[in-house]
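Here is what each chain is made of, one letter per residue.
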Amino acid sequence: MAVRASLAAAVVLLAMSLLVVRLVRLQVHQHEHYSVLSRDNRVKVQPVPPTRGLIYDARGILLADNHPSFSLEITVEKVEDLPATIEALSTMIPGDGKDLARFERLKRQRVRFEGVPLRSNLTPEEVARFSVDSYRFPGVGVRAELIRTYPKGVLTAHVLGYVGRINAEEMTRIDVSDYAGTHFIGKGGVEKAHEDALHGHVGYQQVEVNARGRVLRTLESKAPVPGRDLHLFLDAGLQQAANDALGDNRGAVVAIDPRTGGVLAMVSKPGFDPNPFVEGITQADYHALLYSPDKPLFDRAVRGQYPPGSTVKPFVGLAGLASGVVDARKTKYCPGFFQLPGQSHRYRCWRRGGHGSVALEQAVVQSCDVYFYDLAYRMGIERLQGFLGEFGFGARTGIDVAGELGGLVPSREWKERTRKQPWYPGETLIVGIGQGAFLATPLQLAAATAALANRGRFIQPRVVRAYQVPGSPEIEELPARAHPVEVGDPHHWDQVIRAMTEVVEGARGTAKRIQTSAYRIAGKTGTAQVFSVGQKESYNAARLNKEMHDHALFIAFAPVEDPRIAVAVIVENGGHGGAVAAPVARQVMDARLGGGSLLAREETADGD
Amino acid sequence: MAIRLPVRSLGSDQNETESRLLTRLHLDAPLMIGLLILCGFGLLVLYSASNQDLGSVRRQLVRLGIAFGFMIALAQVHPARLRSWSPPVYGLGVLMLVAVLLFGDVGKGAQRWLDLGFMRFQPSEILKLAVPMMVAWLLAARPLPPSLLRVLGAAVLTLIPMLLIAKQPDLGTAILVAAAGAAALFIGGLSWRLILAIAVGAAAAAPMLWYGMRDYQRQRVLTFLDPESDPLGSGYHIIQSQIAIGSGGLFGKGWLNGTQSHLEFLPERHTDFILAVVGEELGLAGILALLMLYLFLIYRGLVIAANASDAYGRILAGALSLVFFVYVFVNTGMVTGLLPVVGVPLPLVSYGGTSVVTLMAGFGLMMSIQTHRKALQF
């Protein structure tokens, strides 16, 4: 069949001649025509960027806005002598060193043939001054654009994130044609998680330009599709209350509406002002934030992974009930320590003298470690880890805030994989009281508490309630994603919730100081060890640096009968959960539910 | 019009004068030299098209290096072994296409990538080689010309991966895979009566195809028929690339001096539309030189097919050469406005990694078929 190969060669030659004919037509016969077209390629297609969607809180308060601004931009690739150009521009429109430093930094990160801003927020006079002389500066232009502003500033910085200029790395991840003309992109938080909805789609206009590139008229255009507005569950008033409640402490508060999974407030302190980030923060200011020991850029609410301490006891207790390892009526004797069979090591209870005989309810109320050591030991790490996973521990919740971390529920498999060591039974005990390698984010604690308040309906937490096309009355509610947590007998919920109610409402509760007559609260205090105490030593707060103090934790929901808010609070190095974190939660719940002033009580609570 | 390819009797002394190193490495000197010149030319054009970005050139150079490695490795494999590999390679390729549809990553609105954890790749690339291998395997199992049943079998083996790829959707690659199967059938001696029947059938099926197309694919066909109808969208590509090529004239505006290309009027100028940069900067002379290089490689591939010692080698080498030709023709046709815009790169010149490796691997197969010929005699 060699003939066929020859035939194929003939076909190839024929096709190629066709191509050559076409090329000769283009490049010889029509050369003049195309040369003219090329010389004054008058018709340009310009992208028209969509307007970014706005962000509103639950009551319609604007949290992210766009305001028009003029900036002076240099397309570095089109400028022959960059230093001279900058020099000349500087005499015409004076700026300061910060502008220049920012320009240098953005220039390094730029996308080729994209303008880099030299000056922002030009006044109308400055725009006019430049326009008169613009012919002297090829490659330099004034751009009118909408700049993102965050009216609430630091208050919503972590949860909303912020937008910033698209850098070369982000350029590889986006649909470049859809972002033609768009200069900003969500860099974190809700702005990043909902980037697609907020951005919209690019439009085009075909314009006729003169030899210098000035637009003479628009020939045709296709309007952009504006980004959708977001309506949040977040309530700016509650956010403010949570922010105030934390005071000057480092820490985080997450409040969730158990009925919807909607995040009502999410605060991480200290915070930062997102507004300077939009147009490019100066290197010095950025470094000051980045290297501050208080880590203001770090979103503790979704990225802070802390040992949950005793706040996991209600969940561990439920695990015991659900698996049949414990019976709520049966007691366990606490002598102040727990020993594994055949071992001498004493796993201590926080109360050295012991709690005596305690059943589940008192074990939760008094936070008896021995009861939960015993429970965890008998349940085993596999079952415990599996049940805690149902409540969202050990994995990202999938909230629509970018950058979330998943915490960790340690397991045999995890330890063998990461530390190449076998699992020791003692580690199971430590997981049972929320210490050791066990880590959870404040968001995870709040979501788990909301699921408990719901008696087992775990709803994936979310910040955005709905999308709205600007100008349209229609509101697109986003669906909730939920799964049930099975505990066998529904009475198990009552038993644990009753215990948590005693923590606040009972006479011996560790958080009784936050009692209010306005509504009933169910909660659990916790203390996360930052510094481990040796077998024979005792913890003496006065002798340790503040950085070594325990983290104070508190989870709660209210009203007990019809929960409308679930809260998780962590105060870094705050000490006891009942003393420091619980009052923060109470203030947040008051703001939501309306309550009397915090009852002034003498410090009577003992334990964590 | 018929062309006589130089068919040598087996065992001629043509290899005597060739370098011993090339012989030992099982490399075909004409192909090797042609490919090296083509890649060098491509890098020079890329340097200009990427606005003199050495980083892009370096990355492309690394890809080409890897691709040459693949070619050399495949050239070592005896055609008899290639033949026995054909069914498993084909089966694996189709399985991966199914996996892509089920679990693949979505990039730019199409689902083409498979993430293996350590790397991502496009399984559809494998099919560009696996389909001609499989069809050659099927047809070469019995004396040629093939029976009607075998032709139908070959058609089915081509259509399955083609439809899977078209569904991703990746029209460009689907066309290349279909071309590979068709080329293998043609070289394998498909009867003229059937060729005529298929041509008539295809003409009848064209309206059906129109309804099966996605919106953006239809848009491309419409735009092709009348570029001015959509000057903002895909018509923009065609208009601007024709301005670039046409304004280049006989000898072009000079390397690095294309105004269309550098003033951002030309989209995709370093990938699918890189030929427009050649046309603008190096003129008709530059494009013709490039086309001569391509023609030389295709011609050499067909000579290898004509001289192949068995039907499998002949069909495979012929089909691979013709696929290479389809690559060249579809891309150049698209850039010059002869054909609608389909995402097919200019082989070994366009910036981008996936197709380079497959193309060079194809040349590796041809070299294997050519250089293991003598050994078969003994």
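Residues numbered from 1 in each chain as written. Chains lettered and ligands numbered in written order. Predicted model: local features only at pLDDT ≥ 70, side-chain atom pairs only at ≥ 80, totals over all residues.

Along chain B, the regular secondary structure elements total 14 helices and 3 strands. The proportion of buried residues among the 378 residues of chain B is 49%. Sequence-distant contacts, at least 24 apart, represent 71% of the contacts inside chain B between residues at least 6 apart. (Helix = DSSP H or I, 4+ residues; strand = E, 2+ residues; numbered from the N terminus. Buried ≥ 20, exposed ≤ 12 C-beta atoms within 10 Å, placed from the backbone. Contact = placed C-beta atoms within 7 Å.)

Residues and elements named next belong to chain B. Over its 34 residues, helix 12 (residues 274-307) extends only 34 Å from the first C-alpha to the last, a length that falls short of the 50 Å expected when each residue adds 1.5 Å. Helix geometry: helix 12 is bent most strongly at Leu282, by close to 130°. Judged by how many residues are buried, helix 12 sits mostly within the fold: 25 of 34 residues are covered. (Expected span 1.5 Å × (residues − 1). Bend = angle between axes of the 7 residues up to and from the residue.)

Residue and element names in this part refer to chain B. Contact pair helix 13 (residues 311-336) / helix 14 (residues 354-371): the axes reach a minimum separation of 10 Å and the direction vectors enclose 145°. When you trace helix 13 past helix 14, the crossing you get is left-handed. Seen from helix 13, the contacting residues are Gly313, Leu316, Ala317, Leu320 and Phe324; seen from helix 14, they are Gly362, Leu365, Met366 and Ile369. When its residues are assigned to classes, the contact of helix 13 with helix 14 shows 7 nonpolar, 2 polar and no charged. (Axes fitted to C-alpha atoms, helices over the stretch in contact; angles between N-to-C directions. Left-handed = near helix turned anticlockwise from the far one by under 90°. Nonpolar A, V, L, I, M, F, W, Y, C, P; charged D, E, K, R; others polar.)

Residue and element names in this part refer to chain A. If you walk across this open sheet you meet the 5 strands as 14-13-25-24-23, and the pairing is antiparallel. Strand pairing shows two members of the sheet lacking a second neighbour, strand 14 (263-269) and strand 23 (522-528), which therefore form its edges. Averaged over all pairs of adjacent strands, the angle between strand axes in this sheet comes to 5°, irrespective of strand direction. Taken together, the 7 bridges between strand 23 and strand 24 (residues 551-558) define a ladder with antiparallel strand orientation. The partner of Lys524 across the bridge, within strand 24, is Ile555. Along the sheet, helix 20 (residues 442-453) contacts strand 13 (251-256), strand 24 and strand 25 (565-571); its crossing angle with strand 25, the most-contacted strand, is approximately 150°. (Pairing = 2+ DSSP bridges.)

Turning to unusual backbone geometry, a few remarks are in order. The peptide bond linking Lys269 of chain A to Pro270 of chain A adopts the cis configuration, its omega dihedral lying at -5°. Secondary-structure assignment places Pro270 of chain A in the loop between strand 14 and helix 11 (275-278). Here the residue pair Ala558 of chain A and Pro559 of chain A is connected by a cis peptide bond, since its omega of -15° sits within 30 degrees of zero. Relative to the assigned elements, Pro559 of chain A resides in the loop between strand 24 and strand 25. At His26 of chain B, a residue that is not glycine, the phi angle is positive and equals roughly 60°. Within the secondary structure layout, His26 of chain B lies in the loop between helix 1 (20-24) and helix 2 (29-49). For His26 of chain B, a count of 19 C-beta atoms within 10 Å gives the class partly exposed. The phi dihedral of Leu348 of chain B falls on the positive side, at around 65°, and the residue is not glycine. With respect to the secondary-structure elements, Leu348 of chain B resides in the loop between helix 13 and helix 14.

Residue and element names in this part refer to chain A. Val253, Ala255, Val567 and Val588 are the most contacted members of the largest nonpolar core, which has 131 residues in total. Residue assignment places this core across two domains, with domain 1 (45-232) and domain 2 (236-286 + 293-464 + 481-535 + 552-593) each supplying three or more. If sequence neighbours within four positions are ignored, Ala255 has contacts with Leu238, Ala242, Leu264, Ala265, Ala446, Ile565, Val567 and Val588. (Core = buried A, V, L, I, M, F, W, Y, C linked by C-beta atoms within 7 Å. Domains from an automatic or database assignment.)

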